[in-house]
Number of protein chains: 2
Amino acid sequence: MAGQQNASTRRTFLTGLAAASAGALTANSQSLAAESTGQRDRRAYALIKPDDVVLFQGDSITDAWRDRNRQGNANDVSALGRGYAFLIACQVLADCGPGVKLYNRGISGNKVYQLAERWQADCLDLKPNVLSILIGVNDMWHKLDGQYDGTVEKYENDYLALLDRTKKVLPDIKLVICEPFVLRCGAVNDRWFPEFSAIRAAARRVSDKFQATFVPYQTVFDGAVNAAPPQHWASDGVHATMAGTSLMARAWLGTVRGGVRTSR
Amino acid sequence: MAGQQNASTRRTFLTGLAAASAGALTANSQSLAAESTGQRDRRAYALIKPDDVVLFQGDSITDAWRDRNRQGNANDVSALGRGYAFLIACQVLADCGPGVKLYNRGISGNKVYQLAERWQADCLDLKPNVLSILIGVNDMWHKLDGQYDGTVEKYENDYLALLDRTKKVLPDIKLVICEPFVLRCGAVNDRWFPEFSAIRAAARRVSDKFQATFVPYQTVFDGAVNAAPPQHWASDGVHATMAGTSLMARAWLGTVRGGVRTSR
């Protein structure tokens, strides 16, 4: 019944937004026509329901200067940071309506085991319906810096254990696993390979194991460097610029709208 | 010749980005297909050339917590704020490449004559190729607050004089005039009307006079309230929420991509 009610709320919201697009069209038909059509496609979110709690987890790429003093507030401009989580949240709120609650709890420097240490407060207590995780680049970077001695196997096993634990508490959770990525510039050089590729492959295996929705970020950025130098997308090779952040949000939304594979 | 070179740079950039989309498609064909097509449409920017300087001007809606200490830097995450200018900048940089330089110089509380007072430093000195202005809500709000005694005529005349002055210094500038808008909630009640409608009409006349590209924000939000309550789009009736900001960015990009009318 709740599901039916949600579907009905959602239909009402989408019908209204179609009217909004139509209104804009009256005023400025030529230019907004394509945009409006795009909006209709965008609103076909397969994975996010109108009352879902959506949580973004990860490291600095997710953190993105978020205000931790405000992290208890859903849909808070400062608490969502200035990265892909913020760009996604703006679009999801516009497309799915006021019932969705979005949080960002990424913390700079985190590796998987550090997510685990704060998982009760920073994930399970929030009871997310949709959990998006981007983690892995520090498992490599901190090793090269001599700050860490973990292995790809530890990354994969820690990740599997974290999701096992999550599914035990929240069996209906919908998982989005974002592929760790780097661009060959800034801090990223040959020393990162082939081990970083092994981390990416491990993330994919983890996603497959849990039938998660997988966002192929490395593939997106590997293509983007045909258009502009790697620095345009991530100036230090790791942290997305505004341009890179825009690509990240598009790829996430494109994947989640399609809802290719979910744990439901 | 410069124009031809730009066109060539632009083609190279777009071809590369199409390859990026194609790469993403290989990995996740079903879900990213629609998104990729959307990206191709989005990249058809009629108004912004690959080396253009784009300046956002206005009041608090444009300001949006930008870091004024960093305002001299183009394409700076903090300097662009957290409003529609930031969302637009992310997409423009992803779509048009690293040559575009975007600035935000909106200041909270400004009315048109206050833009004029700082116009040399905050507009003309930056030599923008594309100038986007959203101004007008304070011309009304501050009157209702008893802080100001201007009229609609003063708003229109000040606006015309500002653009006259701009075109004299920068004759090839491309102008984007954003319609002032309010939603009926928070601070906005019957006292605002019909005078606020007269301000909107004046903005439209100014846009027509200068053959600017006009972004019909009031029309967009009038439609949006069919989908969700006004507070969802602007909690105080004036300042866009994240959802409202997303609609603003889409309408701006949709209009500017189309390039309905420009001063060129």
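A brief report on the enclosed structure follows. Fair warning: this is a prediction, and the values are worked out from it, not measured in the lab.

### Comments concerning the environment of D122 of chain A
Residue and element names in this part refer to chain A. Counting through the fold element by element, D122 comes out in helix 6 (residues 119-122). It is 23 Å that separates the C-alpha atoms of D122 and A240, two residues lying 118 residues apart in sequence. Leave out the neighbours within four places in its chain, and D122 touches L55, Q57, Q71, R105 and I107. At 3.1 Å, the side chain of D122 forms a polar contact with the side chain of R105. A distance of 2.8 Å separates a polar atom in the side chain of D122 from a polar atom in the side chain of R118.

### Some thoughts on unusual backbone geometry
Cis geometry is adopted by the peptide bond preceding P194 of chain A, which originates at F193 of chain A and carries an omega value of 5°. Turning to its location among the elements, P194 of chain A is positioned in the loop between strand 4 (174-178) and helix 9 (195-209). Although it is not a glycine, N75 of chain A sits at a positive phi angle of roughly 55°. Structurally, N75 of chain A can be placed in the loop between helix 3 (60-63) and helix 4 (84-96). Phi at Q211 of chain B takes a positive value of approximately 45°, unusual for a residue other than glycine. With respect to the helices and strands, the residue Q211 of chain B is situated in the loop between helix 9 (195-209) and strand 5 (213-215).

### Structural notes on helix 12 (residues 242-258) of chain B
Here helix 12 of chain B spans 24 Å end to end across 17 residues, near enough to the 24 Å set by a 1.5 Å rise per residue. Of all the 17 residues making up helix 12 of chain B, 16 are buried; the element is thus mostly covered by neighbouring parts of the structure.

### Focus: the pattern of salt bridges
Residues and elements named next belong to chain A. Here the structure, examined in full by the defined rule, presents 26 salt bridges over all chains. The closest approach of N and O atoms between D52 and K174, which form a salt bridge, is 2.6 Å. Separated by 122 residues along the polypeptide, D52 in the loop between helix 2 (29-42) and strand 1 (53-58) and K174 in strand 4 bring together distant segments of the chain. Classification of K174 as buried rests on a relative accessible area of 3%.

### Some remarks on the packing of aromatic side chains
All names here are of chain A. Summed over the entire model, instances satisfying the criterion amount to 19 aromatic pairs over all chains. Each ring, one from F181 and one from Y217, has its centre 5.7 Å from the other, and the planes form 70°; the classification is edge-to-face. Placement of F181 in the loop between strand 4 and helix 9 and of Y217 in helix 10 (residues 217-224) is noted, with a sequence separation of 36 residues between them. With respect to burial, F181 and Y217 carry one shared label: buried.

### Thoughts on the packing of helix 7 (residues 137-144) of chain B against helix 9 of chain B
Residues and elements named next belong to chain B. Two elements in contact, helix 7 and helix 9, have axes whose closest approach is 9 Å; the angle formed by their N-to-C orientations is 155°. By the criterion of interaxial angle, the relationship of helix 7 to helix 9 is roughly antiparallel. Viewed along their axes, helix 7 and helix 9 form a crossing whose handedness is right-handed. Between helix 7 and helix 9, the residues in contact are V137, D139, M140 and K143 and E195, F196 and I199, respectively. Considered class by class, the residues forming the contact of helix 7 with helix 9 number four nonpolar, no polar and three charged.

### Thoughts on the sheet that holds strand 4 (residues 174-178) of chain B
Working definition: the strands of a sheet are paired by backbone hydrogen bonds and lie parallel or antiparallel to each other. All names here are of chain B. Reading across the sheet, the five strands line up as 2-1-3-4-5 and stay open at both edges, with parallel pairing between neighbours. At either margin of the open sheet sits one strand with a lone partner, and together these are strand 2 (101-104) and strand 5. Ignoring which end each strand starts from, the neighbouring axes of this sheet average 15° apart. Bridging between strand 1 (residues 53-58) and strand 3 (residues 130-134) involves five bridges; their strand directions are parallel.

### Focus: the environment of P230 of chain A
Residues and elements named next belong to chain A. The topology assignment puts P230 in helix 11 (residues 230-233). Between the alpha carbons of P230 and A240 there is a distance of 9.9 Å; along the sequence they are 10 residues apart. Ignoring sequence-local partners within four residues, the contact set of P230 consists of L183, R184, C185 and V225.

### Things to note about the sheet that holds strand 4 of chain A
Residue and element names in this part refer to chain A. Spatially, five strands are ordered 2-1-3-4-5 in an open sheet, and the strand pairing comes out parallel. Two strands close off the open sheet at either side, each with one partner strand: strand 2 (101-104) and strand 5 (213-215). Here the strands of the sheet are splayed against their neighbours by 15° on average, with no regard to which way each runs. Here helix 12 (residues 242-258) sits on the sheet in contact with strand 1, strand 3 (130-134), strand 4 and strand 5, set at roughly 155° to strand 5.

So, how was this worked out
Residues numbered from 1 in each chain as written. Chains lettered and ligands numbered in written order. Predicted model: local features only at pLDDT ≥ 70, side-chain atom pairs only at ≥ 80, totals over all residues. Heavy atoms only, no water. Helix = DSSP H or I, 4+ residues; strand = E, 2+ residues; numbered from the N terminus. Contact = heavy atoms within 4.5 Å. Polar contact = N/O pair within 3.5 Å; in protein donor to acceptor, adjacent residues only side chain to side chain. Expected span 1.5 Å × (residues − 1). Buried < 20%, exposed > 50% of the residue type's maximum accessible area, 1.4 Å probe, protein only. Salt bridge = Lys/Arg side-chain N within 4 Å of Asp/Glu carboxyl O. Phe/Tyr/Trp six-rings, centres within 6.5 Å; stacked < 30°, edge-to-face > 60°. Axes fitted to C-alpha atoms, helices over the stretch in contact; angles between N-to-C directions. Parallel < 35°, antiparallel > 145°, perpendicular 65-115°, else oblique. Left-handed = near helix turned anticlockwise from the far one by under 90°. Nonpolar A, V, L, I, M, F, W, Y, C, P; charged D, E, K, R; others polar. Pairing = 2+ DSSP bridges.

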